[in-house]
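If you want the building blocks of each chain, they are given just below.
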Amino acid sequence: MGTAPGLLLATGQVLPVSSVHRLARTSTLVRLVMDAEGQVLDMGRKVRLATPAQRRAIYARYATCWVDGCPLPATRCQIDHADNWSTGGLTDLQLLGPACQFHNRDRYQHPDRYTRHKTGKDRWAFTYHPARTRRLRV
Ligand SMILES: [Zn+2]
């Protein structure tokens with residue numbers, strides 16, 4: 001197997017493989033997935049907020065809030081994580097979508113009231129299930 005040198009993107013410096021291995025052991029590595037124009041689409045766990053390129057891709061994929069029946073245009077929504085970021089969700093394009101402020105907060109506070117289903121190859125939607133109303137006994 002050949003031992004091609006590594007390229008340090010930050011500086012343009014070519015490094016010997018031994019240095020690449022040392023950096024891999026001692027640095028925080030970030031997995032980045034980019035589109036054809038070099039825009040970052042997957043950020044993994046490194047950051048919580050969507051990048052501008054991710055936002056553009058989400059607006060192209062979704063017309064409205066990703067909760068069924070919610071008419072708020074995607075461009076007026078917050079970017080939501082399909083899997084809650086605070087419990088390990090990834091900031092990856094295929095797991096991001098638009099949620100209006102109400103649904104973003106409500107889904108975070110009451111995850112049991114929502115079920116997720118696929119609506120396309122990389123698209124999701126959530127169905128809201130109202131909480132059972134408690135009957136007052138008199
Ligand atoms: Zn909504």
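These lines cover the structure that appears in this document, whether it is placed above or below. (Residues numbered from 1 in each chain as written. Predicted model: local features only at pLDDT ≥ 70, side-chain atom pairs only at ≥ 80, totals over all residues.)

1. Quick look at the environment of leucine 95
Stated formally: Counting from the N terminus, the helices are DSSP H or I runs at least four residues long and the strands are E runs at least two residues long. Field definition: a residue is buried when 20 or more other C-beta atoms are found within 10 Å of its C-beta, exposed when 12 or fewer are, and partly exposed for counts in between, with C-beta atoms placed from the backbone. Contact criterion: two residues are in contact if their C-beta atoms, reconstructed from the backbone, are within 7 Å.
Following the sequence through the fold, leucine 95 ends up in the loop between β5 (78-81) and β6 (96-99). Overall, the presence of 16 C-beta atoms within 10 Å leaves leucine 95 in the partly exposed class. Leucine 95 sits 27 residues away from aspartate 122 along the chain, and the two C-alpha atoms are 7.8 Å apart. Excluding residues within four positions of it along the chain, leucine 95 makes contact with His81, Ala82, Asp83, Gly89 and Leu90.

2. Overview of helix α2 (residues 52-61)
Quick note on the threshold: Arc definition: directions from the helix axis to the C-beta atoms.
Of the residues making up α2, those classed as buried are Gln54, Ile58 and Arg61. All buried residues of α2 lie within an arc of 60 degrees about the axis, which places them on one face of the element. Across α2 from its buried face, at more than 90 degrees, point the exposed residues Pro52 and Ala60.

3. Section: the nonpolar core
Filter applied, for reference: Only buried residues count toward a nonpolar core: Ala, Val, Leu, Ile, Met, Phe, Trp, Tyr and Cys, linked into one set through C-beta atoms within 7 Å.
The biggest cluster of nonpolar side chains holds 14 residues, and the ones touching the most others in it are Cys65, Trp66, Val67, Cys77 and Ala99. Contributing elements (two or more residues each) for this core: β6 and β8 (123-128). When sequence neighbours within four positions are dropped, the list of residues in contact with tryptophan 66 reads Gly97, Pro98, Ala99, Trp124, Ala125 and Phe126.

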